[in-house]
Amino acid sequence: MRHLLAIEDLERADVDRIMARARSFAEVGRRDIKKVPTLRGRTIVSLFYESSTRTSSSFELAAKRLSADVVAVKSAGSAVDKGESLRDTIATLSAYAPAAIVIRHPYAGAANLVTGWTSAAVINAGDGKHEHPSQALLDAYTLLDRLGAVDGRRREDLDGKRIWIVGDVLHSRVARSCALCFRMMGAEVTVCGPPSLIPRGITEALGVEVAHDLDALGEADVVYALRMQRERMSESFVPSVREYVAHYQIDSRRLGARQLLMHPGPVNRGVELSPEVVDGPASLITAQVESGLVVRMAILYELLAGGEPRGAGAADRDAELPAPTPIGEPA
Ligand code: CP
């Protein structure tokens, strides 16, 4: 893998490698010293044109745990405020010869554009309504971890699992990436929401079922609620928040005892989720954040220190890198 731009670019083998690597990093995270020298001397640029808590902090910490130097730039307060273009911003930051640029931007395709302006590996940390691939990978990791072992072996797939993605699918890059990733791992995915918040043609595009009410929610093994993205809504997509809550909020009446609950965060408490389910026993929301760190370490490793051979000289370069297991030998 040269870049991580979208789940639709990945093969199942890519996902499996990242899952396995993340498990190794989870083991490192249980040690007293949680840092490994794999990316010592490399620089990671984190460039966020939209607000973020989880993605920005976990990529930054992931890079630091791998011993990279990190330059974190938020568009607010940077020269972007003075009118500097994305292209010039990338040219400026590329002068530091970064190994990778992690970028979040409101426009779909922005990360893809950046690949043409830098020699760094580019990681899409969310581009408009398009994709948020690292979120989907950390969610898949969380589910594999939580669903446990099958026949004494750790689960490597989501075969036969039914996952409902509920809410504002129209504006959600998470929904798109998760649907693609969960289906690739073998799950059956249903998206559910009011017709105004479900994109037309989504069944053909993503291979998901569509529901407009929660009547059959009981069939789901996993309920994945989405945030109402009011910042991306230029018109009214639901009659009122009250109406939305009445029909689509996941609360303790609607969530069954055996069902798992996920949400990418940040949660609008009292809108898509009732407060008691956010903090309830079915909630994997904190586990998702924990997974974000080790999965993003695995992504950086995959792009910068591992993965498939990358053309002439790759074997020689890889010979200098740490063996996949155990992680932590000097690069
Ligand atoms: N899930 C997610 O992308 O969260 P942040 O916006 O906090 O990064």
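Preceding this paragraph is the structure being described.
Numbering of residues starts from 1 in each chain and follows the order in which that chain's sequence is written. Reporting of local features is limited, given that this is a predicted model, to residues whose pLDDT is at least 70; pairs of side-chain atoms are given and counted only at 80 or more, and all residues count toward the totals for whole chains, interfaces and linings. Only hydrogens and water are removed before side-chain values are computed, so all heavy atoms of the structure are retained for them.

All right, on to the overall build of the protein chain then. Counting secondary structure elements, the protein chain contains 11 helices and 11 strands. When accessible area is computed with a 1.4 Å probe and restricted to protein chains, residues below 20% of their type maximum are described as buried, those above 50% as exposed, and intermediate ones as partly exposed. Residues counted as buried form 54% of the 331 residues belonging to the protein chain. Look at the contacts in the protein chain between residues 6 or more apart in sequence, and 73% of them connect residues 24 or more apart. Computed with the Shrake-Rupley method and a 1.4 Å probe, the accessible areas treat only the protein chains shown as cover for residues. With the model as given, the accessible surface of the protein chain reaches about 14,600 Å², and the carbon-plus-sulfur share is 49%. Going along the chain from the N terminus, every DSSP run of H or I of four or more residues is numbered as a helix, and every run of E of two or more is numbered as a strand. Only heavy atoms enter the contact rule, under which two residues are in contact if any of them lie within 4.5 Å.

Right, let's get into the environment of Val 208. Tracing the sequence through the fold places Val 208 in the loop between helix 7 (202-206) and strand 9 (209-211). Looking at Val 208, the relative accessible area reads 1%, which means it is buried. For the pair Val 208 and Thr 190, spaced 18 residues apart in sequence, the C-alpha to C-alpha distance is 5.4 Å. Beyond its immediate stretch of four places on either side in the chain, Val 208 contacts Ala 179, Arg 183, Val 189, Val 191, Ile 202 and Thr 203.

The next subject is the side chain of Ser 46. Its place among the elements puts Ser 46 in strand 1 (residues 43-48). Note on Ser 46: relative accessible area 5%, which makes it buried.

Before going further, it helps to spend a moment on the packing of helix 5 (residues 133-147) against helix 6 (residues 173-184). At a minimum axis separation of 8 Å, helix 5 and helix 6 run at an interaxial angle of 50°. When the axis of helix 5 is compared with that of helix 6, the two are oblique. Here helix 5 and helix 6 pass one another in a crossing that is right-handed. Contact with helix 5, carried on its side by Pro 133, Gln 135, Ala 136, Leu 137, Asp 139, Ala 140 and Leu 143, involves Val 174, Ser 177, Cys 178, Cys 181 and Phe 182 of helix 6 and no other residues of that element. For the contact of helix 5 with helix 6, a count of residues per class yields nine nonpolar, two polar and one charged. Simply put, an axis is a line fit to the C-alpha atoms, just over the touching stretch for a helix, and the angle between two N-to-C directions goes from 0 to 180 degrees. Note on angle classes: values under 35 degrees are labelled roughly parallel, values over 145 roughly antiparallel, values of 65 to 115 roughly perpendicular, and the remainder oblique. Whether a crossing is left-handed or right-handed is set by the direction in which the near helix is turned from the far one by less than a right angle, anticlockwise for left-handed and clockwise for right-handed. In this classification, Asp, Glu, Lys and Arg are treated as charged, Ala, Val, Leu, Ile, Met, Phe, Trp, Tyr, Cys and Pro as nonpolar, and every other residue, Gly included, as polar.

By the convention used here, strands pair only if DSSP detects at least 2 bridges between them. Ordered by their spatial adjacency, four strands build an open sheet running 2-1-3-4, and the pairing between neighbours is parallel. In this open sheet, the two strands that pair with only one neighbour each are strand 2 (69-74) and strand 4 (121-127). If you compare each strand with its neighbour and ignore which way they point, the axes differ by 15° on average. Across five bridges, the pairing between strand 3 (residues 100-105) and strand 4 is parallel. Note that in strand 4 the partner of Ile 101 across the bridge is Val 122. Strand contacts of helix 2 (residues 54-65): strand 1, strand 2, strand 3 and strand 4, with the helix running at about 165° to strand 2, the strand carrying the most contacts.

By convention in these notes, a residue is near a molecule or strand provided one of its non-hydrogen atoms lies within 4 Å of it. The environment of the ligand is formed by Ser 51, Ser 52, Thr 53, Arg 54, Thr 55, Arg 104, His 132, Gln 135, Pro 264 and Gly 265. Under this definition, polar contacts are N or O atom pairs within 3.5 Å; protein pairs additionally need one hydrogen-donor-capable and one acceptor-capable atom, and for neighbouring residues in sequence, both atoms have to be side-chain atoms. Contacts to the ligand include Thr 53, whose backbone N or O atom sits 2.8 Å from an oxygen atom. At 2.8 Å from a nitrogen atom of the ligand is found a main-chain nitrogen or oxygen belonging to Pro 264. Here the shell around the ligand is composed, by residue class, of one nonpolar, seven polar and two charged. Looking at which domains feed residues into the shell around the ligand, each of domain 1 (7-130 + 291-318) and domain 2 (133-288) gives three or more. Residue ranges labeled as domains rest on an automatic or database domain assignment.

Here a helix's expected span is defined as the number of its residues, less one, multiplied by 1.5 Å. In this model, helix 10 (residues 285-304) (20 residues) spans 29 Å end to end at C-alpha, consistent with the 28 Å of a helix rising 1.5 Å per residue. Approximately 25° is the largest bend angle found in helix 10, and it occurs at Gly 292. The buried fraction of helix 10 amounts to 17 of the 20 residues, a majority that puts the element mostly inside the structure. Bend is the name given here to the angle between axes fitted to two runs of seven residues, the run ending at a residue and the run starting at it.

Its place among the elements puts Ser 274 in the loop between strand 11 (260-262) and helix 9 (275-278). Along the backbone, Ser 274 and Val 245 are 29 residues apart, and their C-alpha atoms lie at a distance of 9.0 Å. Excluding residues within four positions of it along the chain, Ser 274 makes contact with Gln 249, Ile 250, Asp 251 and Ser 252.

Any functional reading would require information beyond the geometric quantities listed.
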